[in-house]
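Listed below, chain by chain, are the residues.
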Amino acid sequence: MKLFFKILIGILTVIIGIALLLTDAISYIRPISALYILCPLTLFFSTFIVAMIFCTFYWMCIKSWWTALVCALIIAASVPNVLKTYTFSAKNPTTSIEGSTSIMSYNVHLFDWFEGEKGIRNGISTLDYINSSNKDIVCLQEVLYYPDGKYTLDFIKNRLGNYKYSYVKVLNNSNKVSKCIATFSKHPIISSEDIDIKDNCHGAIINKIALSTDTITVVNFYLKSNQLTQQEKDLIPDQTITTGKQVDGLIPKIYNKLVKASLERCKESEKVKDATKDIDRNLILCGDMNDIPASYAYRTLIENRKDAFLQMEDWDMGVTFHEGIYKFRIDYILTSENIGLLAFEIDKQPMSDHYPITLDFICNQ
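Cut-offs used in this document
Position numbers for residues count from 1 along each chain, tracking the sequence in the order it is written. The model is predicted, so local features are restricted to residues of pLDDT at least 70 and side-chain atom pairs to those at 80 or more, both for listing and for counting; the totals for chains, interfaces and linings are taken over all residues. In computing side-chain properties, one takes all heavy atoms of the structure into account and sets aside hydrogens as well as water. We count a stretch as a helix when DSSP gives it H or I for four or more residues in a row; a strand needs E for two or more, and each element gets its number in order from the N terminus. When accessible area is computed with a 1.4 Å probe and restricted to protein chains, residues below 20% of their type maximum are described as buried, those above 50% as exposed, and intermediate ones as partly exposed. Two residues qualify as a contact provided that any one of their heavy atoms is within 4.5 Å of a heavy atom in the partner residue. In this description, accessible areas are obtained by the Shrake-Rupley approach with a 1.4 Å probe, and a residue is regarded as covered only by the protein chains that are shown. Pairing between two strands requires that DSSP report at least two bridges joining them. Take the number of residues in a helix, subtract one, and multiply by 1.5 Å to get its expected span. Angles here are taken between N-to-C directions and fall from 0 to 180 degrees, while the axes themselves are lines fitted to C-alpha atoms, restricted in helices to the stretch in contact. With respect to orientation, any angle under 35 degrees is reported as roughly parallel, any angle over 145 as roughly antiparallel, any angle of 65 to 115 as roughly perpendicular, and every other angle as oblique. Note on convention: the crossing is left-handed when the near helix lies turned anticlockwise from the far helix by less than a right angle, right-handed when the turn is clockwise. By the criterion applied in these results, polar contacts are pairs of N or O atoms within 3.5 Å in which, for protein atoms, one can donate a hydrogen and the other can accept it, and in which residues neighboring in sequence qualify only through two side-chain atoms. Nine residue types can take part in a nonpolar core, namely buried Ala, Val, Leu, Ile, Met, Phe, Trp, Tyr and Cys, and a core is a set of them joined through side-chain atoms within 4.5 Å. The predictor rates its confidence in each residue with pLDDT, a number between 0 and 100. Arc definition: directions from the helix axis to the C-beta atoms.

Trainee: Where do I start with the overall build of the protein in this structure?
Mentor: A tally of regular secondary structure across the protein gives ten helices and 14 strands. Of all 365 residues assigned to the protein, the portion counted as buried reaches 52%. The long-range fraction of contacts in the protein, counting pairs at least 24 apart against all pairs at least 6 apart in sequence, stands at 69%. When the accessible area of the protein is evaluated, it comes to approximately 17800 Å², of which 59% is carbon and sulfur surface.

Take a look at the structure:
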């Protein structure tokens, strides 16, 4: 029995080790040709790390030192991705100071207007929360309004009365609703530009905003989502209505969706990078990346920039997306090197399946 258990742990160690190494490689290499089918592995990066740590301790306990050493080396190879995923030390963030500016990024989950009376109350509460937050700039993803209904774009703008300036990019018009990405600001938006992401539900916009002493460039992005149905998230196979016979192939179907979405995010992140490659000062990118830090999309956008979460938090996983058992950090505020980071927060409001994230900052010369 002991021998069987040891062999089983050995097989699991090999599988987990290979999976972890592949996950690390995927974050560095653009997924082209056959390699892109491995993109969904990045979603399990934290699971692989924890499993490999347990394997290391197991081999140490039975005094298989060489095996434990190999496991430790695999974990060491993953340290760069670990340091992007978690924070481990207190940085004692400074509170806001005179002359600082604040920004919020928030995926509002279509305001839940479509959920009936409960959703309408939730949507209004979300708007009131944003308006009362008193942030200087607000970048919203998954905005929905009804052009011909009660909850129009004007209704949203009026509810956000503290924000005189706005830029709204309509991504999709269907079923008498409009889905958008939007930036609201207390400061003048002096120019706006769309980044060419050819997707009818996702997009990115660039706004130049005039502060009292500086002009900053704010990129609001919403990259490709996995678009899993609730049934797929719950891992419940479809049932045929006529026979009740279970339809095979649920897992492959989900995996194919994850692969396609991962590949699209890689392309979209490169387009955002290209659109901002000549902006090296007073730049803030924020939004819903729909990918974790151990991913190619994140590595593409973080290059020569700072991740506000990693600069400001104590030890934390930084969960921003929360839906049932699914909890990931997929919302980000990234800045150019000259931006001084003062206070970062993940505000655990329950109104959306994402938490709003905020940053207070100053523009250094």
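Trainee: What is the right way to read the pairing of strand S13 (residues 339-346) from this model?
Mentor: Regular strands place side chains that alternate from one sheet face to the opposite one. With six of eight residues buried, S13 lies mostly within the body of the structure. Relative to strand S14 (residues 357-363), S13 runs antiparallel, the two being bridged by seven bridges. Note that in S14 the partner of Leu 341 across the bridge is Phe 361.

Trainee: Could you clarify how one ought to interpret helix H2 (residues 45-61) in this entry?
Mentor: Taking 1.5 Å of rise per residue, 17 residues should cover 24 Å, and H2 covers 24 Å from first to last C-alpha, within 8% of that figure. Listing the buried residues of H2 in full gives Phe 45, Phe 48, Ile 49, Ala 51, Met 52, Cys 55, Thr 56, Tyr 58 and Trp 59. Considering only its buried residues, H2 is in contact with helix H1 (2-28), helix H3 (65-77) and helix H4 (79-85).

Trainee: Help me understand the packing of H1 against H2, please; the structure alone is not making it clear to me.
Mentor: Each pair of packed helices can be summarised by the angle the axes make with each other and by the distance between the axes. Look at H1 against H2: their axes get within 9 Å of each other, and the N-to-C directions meet at 140°. Here H1 is positioned oblique relative to H2, judged by the angle of their axes. The two elements H1 and H2 cross, and the hand of that crossing is left-handed. Mapping the contact onto sequence places Phe 5, Lys 6, Ile 9, Gly 10, Thr 13, Ile 16, Gly 17, Ala 19, Leu 20, Thr 23 and Asp 24 in H1 and Phe 45, Phe 48, Ile 49, Ala 51, Met 52, Cys 55, Tyr 58 and Trp 59 in H2.

Trainee: Could you clarify how one ought to interpret the environment of Arg 281 in this entry?
Mentor: Checked against the element boundaries, Arg 281 lands in the loop between helix H8 (250-276) and strand S8 (283-288). Here the alpha-carbon distance between Arg 281 and Glu 337, two residues 56 residues apart in the chain, equals 7.2 Å. If sequence neighbours within four positions are ignored, Arg 281 has contacts with Ser 336, Asn 338, Asn 364 and Gln 365. There is a polar contact of 3.0 Å between the side chain of Arg 281 and the backbone oxygen of Asn 364.

Trainee: I'm lost on the side chain of Asn 338 in this one. Help?
Mentor: You can see Asn 338 is positioned in the loop between strand S12 (331-336) and S13. Given the relative accessible area of 9%, Asn 338 is considered buried. Polar side-chain contacts of Asn 338 include one of 2.7 Å to the side chain of Asn 282. A polar contact is formed between the side chain of Asn 338 and the side chain of Ser 336, at a distance of 2.8 Å. In contact with Asn 338, not counting residues within four places along its chain, are Asp 280, Arg 281, Asn 282, Ile 362, Cys 363 and Asn 364.

Trainee: What is the right way to look at unusual backbone geometry in this model?
Mentor: Generally, phi is negative for residues other than glycine and the peptide bonds are trans, each holding for most cases. Even without being glycine, Lys 63 reaches a positive phi, approximately 65°. With respect to the helices, strands and loops of the structure, Lys 63 is situated in the loop between H2 and H3. Although it is not a glycine, Asn 304 adopts a positive phi angle of roughly 65°. Taking the relative accessible area as the measure of exposure, Asn 304 reaches 63% and is therefore exposed.

Trainee: What is the right way to look at the sheet that holds strand S2 (residues 137-145) in this model?
Mentor: Remark on secondary structure: sheet strands pair via backbone hydrogen bonds, oriented parallel or antiparallel. Spatial strand order, S3-S4-S2-S1-S14-S13: six strands in an open sheet with mixed pairing. Strands at the two margins of the open sheet, each flanked by one partner only, are strand S3 (165-174) and S13. Direction aside, the axes of adjacent strands within the sheet are offset by 20° on average. Relative to strand S4 (residues 177-185), S3 runs antiparallel, the two sharing nine bridges. When the bridges of S4 are listed, Tyr 165 appears paired with Ser 185. Across the sheet, helix H5 (residues 116-133) is in contact with strand S1 (101-107) and S2; its angle to S1 comes to roughly 165°.

Trainee: Looking at this model, I keep getting lost on the nonpolar core. Mind explaining?
Mentor: Proteins that are soluble and globular tend to have nonpolar side chains buried together. Counting 40 residues, the largest nonpolar core has Ile 103, Val 272, Met 289 and Ile 333 as its most contacted members. Apart from residues lying up to four places away in sequence, Ile 333 is in contact with Ile 103, Ile 284, Leu 285, Cys 286, Lys 306, Asp 307, Ala 308, Phe 344, Ile 357, Thr 358 and Leu 359. Core analysis: the second largest hydrophobic core is formed by 26 residues, Tyr 106, Ile 120, Leu 140 and Tyr 163 among them.

Trainee: Help me out: how do you make sense of the packing of H2 against H3 in this one?
Mentor: Following both chains from N to C, one finds H2 and H3 inclined at 160°, their axes separated by 8 Å at the closest point. Considering their axes alone, H2 and H3 lie roughly antiparallel with respect to each other. Between H2 and H3 lies a crossing of left-handed hand. Across from Met 52, Ile 53, Thr 56, Trp 59 and Met 60 in H2, the residues of H3 making contact are Trp 65, Thr 67, Ala 68, Cys 71, Ala 72 and Ile 75.

Trainee: Quick question: what am I supposed to make of the confidence of the model for the protein here?
Mentor: Note that predicted coordinates carrying low pLDDT should not be read in detail. Confidence in the prediction of the protein, expressed as mean pLDDT, is 86, and 88% of residues score 70 or more. Here residues 240-245 is a poorly scored stretch, pLDDT under 50, and it has five contacts once near neighbours within four places are set aside; other chains count.

Trainee: I keep staring at H3 and nothing clicks. Help me out?
Mentor: Side chains that are three or four residues apart share a direction in an α-helix, a result of its 3.6 residues per turn. Taking 1.5 Å per residue as the helical rise, H3 with its 13 residues ought to reach 18 Å, and the 18 Å between its terminal C-alpha atoms agrees with that figure. Every buried residue of H3 is accounted for by Ala 68, Cys 71, Ile 74 and Ile 75. In an axial view of H3, the angular spread of the buried residues amounts to 120°, which keeps them on one side of the axis. Opposite the buried face of H3, at more than 90 degrees from it, the exposed residues are Trp 65, Trp 66 and Leu 73. In this structure, the buried side of H3 is in contact with H1, H2 and H4.

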